[in-house]
Structures are given as C-alpha cells and as structure tokens.
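The chain contents come next:
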Amino acid sequence: MFEGRLDLLIDGKDFVTNAGDLIRLPMGIAHGIFNKSDQPVKCFFWVAPTRALYDLFWAIHSMKEQKPEEVVALAAKHEVVFLPPPG
C-alpha cells in the first residue's frame, strides 16, 4: 500500500491496511477489498499466476457502468469467481 486505507475481508476475517502494509491474498481464499473512506487509495497489485485476470480487469474497466451483478457474471466468463458485495 502506498497511500490510503483499505478494509479487507479475508476468509471471513476483517483486516485494515494502511500505507506501508503488504497484503497477501492467496488464490482460492475468499477475499474482499473495500475503500470505505472518502480518500483515494494508491496500491500496487501483483498477481501470479495471472491466468485470465488481466483480461477480466480490462473488461471491467471497459464497462460503461459497473453493476455488481454484471461484474460477477463477467468474472465467471473469465474463469474467476467474484462474490457479490456483502449485504
């Protein structure tokens, strides 16, 4: 994390990260990343193996409107399981 704060949900447990923190999100473990503040976040993501994530993130970026249910469906087409936002 370079700047800001993120709230994380990893395997059902809550975490808070701030600038200077390193976050590891193992493949196959359910996780969520949330910016609940009104401040921007700057961070660097390194994904290995990337599989179809690059294409998925580019497709999400290219969506006219990013509705959660449509993003979840798009992820499934890229063999990535996105969970909908928590209730």
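The rules we used
Residues numbered from 1 in each chain as written. Predicted model: local features only at pLDDT ≥ 70, side-chain atom pairs only at ≥ 80, totals over all residues. Heavy atoms only, no water. pLDDT = per-residue confidence, 0-100. Helix = DSSP H or I, 4+ residues; strand = E, 2+ residues; numbered from the N terminus. Buried < 20%, exposed > 50% of the residue type's maximum accessible area, 1.4 Å probe, protein only. Phe/Tyr/Trp six-rings, centres within 6.5 Å; stacked < 30°, edge-to-face > 60°. Lys NZ or Arg CZ within 6 Å of the ring centre and 35° of its normal. Contact = heavy atoms within 4.5 Å.

Participant: Got a minute to help me understand the confidence of the model for the chain in this structure?
Facilitator: The predicted coordinates should not be examined in detail at positions where pLDDT is low. This prediction gives the chain a mean pLDDT of 91; 99% of its residues lie at or above 70. Per-element confidence in the chain is highest for strand 2 (residues 13–18), whose mean pLDDT is 95, and lowest for strand 3 (residues 31–34), whose mean pLDDT is 90.

Participant: So what exactly am I meant to see when it comes to the environment of Gln 39 here?
Facilitator: Along the chain, Gln 39 turns up in the loop between strand 3 and helix 1 (53–62). For Gln 39, a relative accessible area of 48% gives the class partly exposed. Linking Gln 39 and Gly 4, residues 35 residues apart in sequence, is a C-alpha distance of 6.7 Å.

Participant: How should the packing of aromatic side chains be read in this particular structure?
Facilitator: The description of two aromatic rings rests on the distance between their centres and on the angle between their planes. Counted according to the given criterion, the structure contains one aromatic pair. Measuring from ring centre to ring centre gives 6.3 Å for Phe 44 and Trp 46, while their planes differ by 45°; the resulting arrangement is tilted. Residue Phe 44 is classed as exposed on the basis of its relative accessible area, which comes to 58%. Over the face of the ring belonging to Phe 34 we find Lys 36, whose NZ or CZ atom lies 5.8 Å from the ring centre.

Participant: Help me out: how do you make sense of the environment of Asp 7 in this one?
Facilitator: Considering the arrangement of structural elements, one finds Asp 7 in strand 1 (residues 5–10). Residue classification places Asp 7 among the buried residues on the basis of a relative accessible area of 12%. Separated by 21 residues in the primary sequence, Asp 7 and Gly 28 place their C-alpha atoms 19 Å from one another. Apart from residues lying up to four places away in sequence, Asp 7 is in contact with Phe 15, Val 16, Gly 32, Ile 33, Phe 34 and Lys 36.

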